[in-house]
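The chain contents come next:
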Amino acid sequence: MRENVVSLRAIEKVFPNGTRGLSPLDLEIEKGELVSLIGPSGCGKSTLLKVIANLHTPTAGDVRWWGRNFDHVGKDGSRLAFVFQEPTLMPWADTTTNVRLPLDLDGVPYTEAMTRVPAALQTVGLSHVANRFPAQLSGGMKMRVSIARALVTRPNLLLMDEPFGALDEMTRNKLDEDMARLCAEEHLTMLFVTHSLYEAAFLSTRVIIMAAHPGRIFAEYHIDPGIQRDESFRMSNQFAEICRDLNRLLGEASHASALEMAN
Ligand SMILES: Nc1ncnc2c1ncn2[C@@H]1O[C@H](COP(=O)(O)OP(=O)(O)OP(=O)(O)O)[C@@H](O)[C@H]1O
Ligand SMILES: [Mg+2]
């Protein structure tokens, strides 16, 4: 059954300095979709994600989460979590304490929290560094801690803003494969921003290509959700074709953005 997770109607965001971050924009995300946002720098990807996370209030338009307003978010079956580009860990706290933070803030009893944290660490393959501090972790590990901190809240919607942007290609590929597995196992719905069309091609069931000046949806590209996201998919002709299509659309979106800027 289709279940609407997020619905945006005629969303606009104009910043106090007059910059139009988003022009009237409509978007629906259904349960189980893995949606990526790609587009030229400054086209409003982060702004859109923050509107959905309720970190930005839109200037106009209507946002619904599971068909209701934000007051209802956080109850069973309607939890969202945000992973930022930087891992933003507390340097003085070990991995366990960092991952436990949202549970402490939510008032989850310590004993329950201490069963959920190891489970989240196991999911991201970090059980062996539970007692290490951020300075003792690699960049990829810190990002995994940050993802575990999001997963420990058992989100139904995961929002990620260029989570693997600062990592090398191989680490990113590995994390993308882990994310694909995780999304399938946990039946996650995910919306993520990426600068890598390869990452978008690998992970998404739908790619939204945005254009700038003002920020808007330029094109949408659907990828068969039934595809197994693994190494053989990455090596396939099908993957190469998807990347080619996305590359073309991204080029067109950049061109359209530059034209708008010139006018
Ligand atoms: N707080 C703010 N005040 C004023 N303008 C802003 C603010 N945040 C973003 N903008 C502007 O809104 C537009 C969209 O910004 P946004 O950060 O959403 O782009 P982006 O697509 O995420 O870019 P990037 O790929 O570089 O991260 C840009 O022109 C940006 O300068
Ligand atoms: Mg951004």
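Quick note: structure is the one above.
In this report, the structure presented in the accompanying data block is examined. (Residues numbered from 1 in each chain as written. Chains lettered and ligands numbered in written order. Predicted model: local features only at pLDDT ≥ 70, side-chain atom pairs only at ≥ 80, totals over all residues. Heavy atoms only, no water.)

**Description of the overall build of the chain**
Looking only at helices and strands, one finds 8 helices and 9 strands in the chain. Dimensions of the chain, computed from the C-alpha atoms along their principal axes, are close to 60 × 45 × 40 Å. A total of 263 residues make up the chain; the buried ones form 52% of that total. In the chain, the share of contacts with a sequence separation of at least 24, taken over all contacts with a separation of at least 6, comes to 69%. Summed over its atoms, the accessible surface of the chain is roughly 12600 Å², and 52% of this surface lies on carbon and sulfur atoms. Here the chain contributes 27 positive and 32 negative side-chain charges, whose respective centroids are spaced 3 Å apart. (Helix = DSSP H or I, 4+ residues; strand = E, 2+ residues; numbered from the N terminus. Buried < 20%, exposed > 50% of the residue type's maximum accessible area, 1.4 Å probe, protein only. Contact = heavy atoms within 4.5 Å. Areas by Shrake-Rupley, 256 points an atom, 1.4 Å probe, with all protein chains shown as cover. Lys, Arg positive; Asp, Glu negative; His and termini not counted. Charge placed at Lys NZ, Arg CZ, Asp CG, Glu CD.)

**Structural notes on the sheet that holds strand β2 (residues 20-30)**
Taken together, the 3 strands give an open sheet; going across it, the order is β2-β1-β4, and neighbouring strands pair in antiparallel fashion. Where the open sheet ends on each side, the last strands, each with one partner, are β2 and β4 (60-65). With strand direction ignored, the average angle separating the axes of adjacent strands in the sheet is 15°. The pairing of strand β1 (residues 4-14) with β2 spans 7 bridges and is antiparallel. Directly across from Ile11, in β2, lies its bridge partner Leu25. (Pairing = 2+ DSSP bridges. Axes fitted to C-alpha atoms, helices over the stretch in contact; angles between N-to-C directions.)

**Observations concerning the nonpolar core**
Formed by 57 residues in total, the largest nonpolar core has its most connected members in Leu158, Met179, Met190, Ile209 and Leu246. Mapped onto the domain boundaries, this core takes at least three residues apiece from domain 1 (1-79 + 157-252) and domain 2 (86-154). Contacts of Leu246, omitting those with residues within four sequence positions, involve Leu197, Ala200, Ala201, Val207, Ile209 and Tyr221. Within the second largest apolar cluster, 29 residues are counted, among which are Leu25, Leu37, Val63 and Phe82. (Core = buried A, V, L, I, M, F, W, Y, C linked by side-chain atoms within 4.5 Å. Domains from an automatic or database assignment.)

All we've got here are geometric facts, nothing functional implied.
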